[in-house]
Amino acid sequence: MCLAIPGQIVEVVDEPNRLARVEVAGVRRNVNVGLLDDVGPGDWVLIHVGFAISQIDEEEARATHELLVQMGAEYEQELHELRESVIE
């Protein structure tokens, strides 16, 4: 199962290639933010397969995170895959 998980942009690491470092549940990874306009450090986004697919507010990010935690194993698998992924 692939989930869209909330993450907060920490920094833009490669503007020409639209890559930003995001933090998801303590894990920091680079994701592509090219599908979104005008996002930067501090913004919350939903991440799916290495792409930020929508910008959300902090309240929605927290609510989504709580729902995902309740899903249990599926969310833990998604976090495991995020920890193992590398986008450079």
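Bear in mind that the values here come from a model prediction, so they are computed numbers and not experimental data.

## Let's talk about the overall build of the protein chain
Okay, step 1: Across its full length, the protein chain carries two helices and five strands.
Okay, step 2: Along its sequence from the N terminus, the protein chain presents helices and strands in the succession β-β-β-β-β-α-α.
Okay, step 3: Against the globule reference of 12 Å for 88 residues, the protein chain gives a C-alpha radius of gyration of 12 Å, in line with a compact fold.
Okay, step 4: Counting every position in the protein chain, which comprises 88 residues, the buried fraction comes to 35%.
Okay, step 5: Taking all contacts inside the protein chain whose residues are at least 6 apart in sequence as the whole, residues at least 24 apart take part in 46%.
Okay, step 6: When the accessible area of the protein chain is evaluated, it comes to approximately 5200 Å², of which 48% is carbon and sulfur surface.

## Observations concerning the pairing of strand E4 (residues 44-48)
Each regular strand shows side chains that alternate between the opposite faces of the sheet.
Okay, step 1: Extensive coverage of E4 is indicated by the burial of four of its five residues.
Okay, step 2: In terms of strand pairing, strand E1 (residues 5-14) meets E4 through four bridges, oriented antiparallel. Pairing of Gly 7 across the sheet is with Val 45, part of E4.
Okay, step 3: The sheet contact formed by E4 and strand E5 (residues 51-56) spans five bridges and is antiparallel. Looking at the pairing, His 48 lines up with Phe 51 of E5.

## Some remarks on the nonpolar core
Grouped burial of nonpolar side chains is what soluble globular proteins tend to show.
Okay, step 1: Core analysis: the biggest nonpolar cluster contains 18 residues, and Ile 5, Ile 9, Val 22, Val 24, Val 33, Val 45 and Ile 47 have the highest contact counts within it.
Okay, step 2: For this core, the elements supplying multiple residues, two or more each, are E1, strand E2 (19-24), strand E3 (27-32), E4 and helix H2 (73-84).
Okay, step 3: Excluding residues within four positions of it along the chain, Val 33 makes contact with Ile 9, Arg 18, Ala 20, Val 39 and Ala 52.

## Some thoughts on the environment of Ala 61
Okay, step 1: Residue position: Ala 61 is located in helix H1 (residues 58-71).
Okay, step 2: Overall, Ala 61 belongs to the buried group, its relative accessible area being 2%.
Okay, step 3: Through-space distance from the C-alpha of Ala 61 to that of Trp 44 is 6.8 Å; in sequence the pair is 17 residues apart.
Okay, step 4: If near-sequence neighbours (up to four positions away) are discounted, Ala 61 is found in contact with Pro 6, Trp 44 and Ile 56.

## Considering the environment of Val 24
Okay, step 1: Tracing the chain through its elements places Val 24 in strand E2.
Okay, step 2: Note: C-alpha distance between Val 24 and Gly 7 (17 residues apart in sequence) is 4.6 Å.
Okay, step 3: Non-local contacts of Val 24, meaning those with residues more than four positions away in its chain, are made with Ile 5, Pro 6, Gly 7, Ile 47, Leu 79 and Leu 82.

Parameters and conventions
- Residues numbered from 1 in each chain as written.
- Predicted model: local features only at pLDDT ≥ 70, side-chain atom pairs only at ≥ 80, totals over all residues.
- Heavy atoms only, no water.
- Helix = DSSP H or I, 4+ residues; strand = E, 2+ residues; numbered from the N terminus.
- Rg over C-alpha atoms; globule rule 2.2 N^0.38 Å.
- Buried < 20%, exposed > 50% of the residue type's maximum accessible area, 1.4 Å probe, protein only.
- Contact = heavy atoms within 4.5 Å.
- Areas by Shrake-Rupley, 256 points an atom, 1.4 Å probe, with all protein chains shown as cover.
- Pairing = 2+ DSSP bridges.
- Core = buried A, V, L, I, M, F, W, Y, C linked by side-chain atoms within 4.5 Å.

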